[in-house]
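Examination of the molecular architecture
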Amino acid sequence: DPVPHMAARLAAKEAVYKALQELPNCRGVGWGVIGVSGDESGKPSVSLSGIAAAAADANGPLRIHLSLTHTHTSAAAVAVIERRGAAR
């Protein structure tokens, strides 16, 4: 059933959107410029385009960590933005 997988990706877009809202000049970012995909091992990744990519470049370099989960009845995602090269 593809529905739980699609729900998790939609939750991921929302999580990335909300994480980006903490950056300057990201108020105009919409879900259409946030892409969520998986690599060969299934690890989720994020691609940004348009205003989201421009804002990330202006505030970066950034790394977006993404975690997804789902069952047949619910889906959730967490996105964390890390500024590369920042002190740990």
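Predicted model only: the values in this text are computed from it and were never measured. (Residues numbered from 1 in each chain as written. Predicted model: local features only at pLDDT ≥ 70, side-chain atom pairs only at ≥ 80, totals over all residues. Heavy atoms only, no water.)

Focus: the overall build of the protein chain
Tallying secondary structure elements over the protein chain gives two helices and four strands in all. Walking the protein chain from its N terminus toward its C terminus, one meets helices and strands in the order α-β-β-α-β-β. Along the first, second and third principal axes, the C-alpha atoms of the protein chain reach 40 × 30 × 20 Å. Partitioning the contacts of the protein chain with sequence separation of at least 6, the portion at a separation of at least 24 is 39%. By element, 54% of the accessible surface of the protein chain is carried by carbon and sulfur atoms, the whole surface being about 5800 Å². Considering the protein chain, the positive charge centre built from 9 side chains and the negative charge centre built from 7 side chains are found 5 Å apart. (Helix = DSSP H or I, 4+ residues; strand = E, 2+ residues; numbered from the N terminus. Contact = heavy atoms within 4.5 Å. Areas by Shrake-Rupley, 256 points an atom, 1.4 Å probe, with all protein chains shown as cover. Lys, Arg positive; Asp, Glu negative; His and termini not counted. Charge placed at Lys NZ, Arg CZ, Asp CG, Glu CD.)

Here we look at the pattern of salt bridges
The tally for this structure, following the rule as stated, stands at one salt bridge. Linking Glu 14 and Lys 18 is a salt bridge whose minimum nitrogen-to-oxygen distance equals 2.9 Å. In this pair, Glu 14 and Lys 18 both sit in helix H1 (residues 3-20), four residues apart, roughly one turn of the helix. The class of Glu 14 is partly exposed, set by a relative accessible area of 31%. (Salt bridge = Lys/Arg side-chain N within 4 Å of Asp/Glu carboxyl O. Buried < 20%, exposed > 50% of the residue type's maximum accessible area, 1.4 Å probe, protein only.)

Concerning the pairing of strand S3 (residues 62-70)
Note that S3 and strand S4 (residues 75-83) share nine bridges and pair antiparallel. If you follow His 65 over to S4, its bridge partner there is Val 80. Linking S3 to S4, which pair antiparallel, is a turn of four residues. (Pairing = 2+ DSSP bridges.)

Concerning the nonpolar core
Ranked by size, the top nonpolar core spans 17 residues in total, and within it Val 16, Leu 20, Cys 26, Val 29, Leu 66 and Ala 79 carry the most contacts. Secondary structure elements with two or more residues in this core: H1, strand S1 (34-38), helix H2 (50-59) and S3. (Core = buried A, V, L, I, M, F, W, Y, C linked by side-chain atoms within 4.5 Å.)

Some remarks on H1
Relative to the 26 Å expected for 18 residues at 1.5 Å per residue, H1 spans 26 Å between its end C-alpha atoms, a close match to the ideal helical length. Those residues of H1 that fall on the buried side of the exposure criterion are Pro 4, Ala 8, Ala 11, Ala 12, Ala 15, Val 16, Ala 19 and Leu 20. On its buried side, H1 packs onto S1, strand S2 (44-48), H2, S3 and S4. (Expected span 1.5 Å × (residues − 1).)

Looking at the pairing of S1
Note that S1 and S2 share five bridges and pair antiparallel. Each residue of the ladder has a partner; that of Ser 37, found in S2, is Ser 45. Counting the residues that bridge the hairpin from S1 to S2 gives five residues, and of these Gly 42 lies at a positive phi of roughly 95 degrees.

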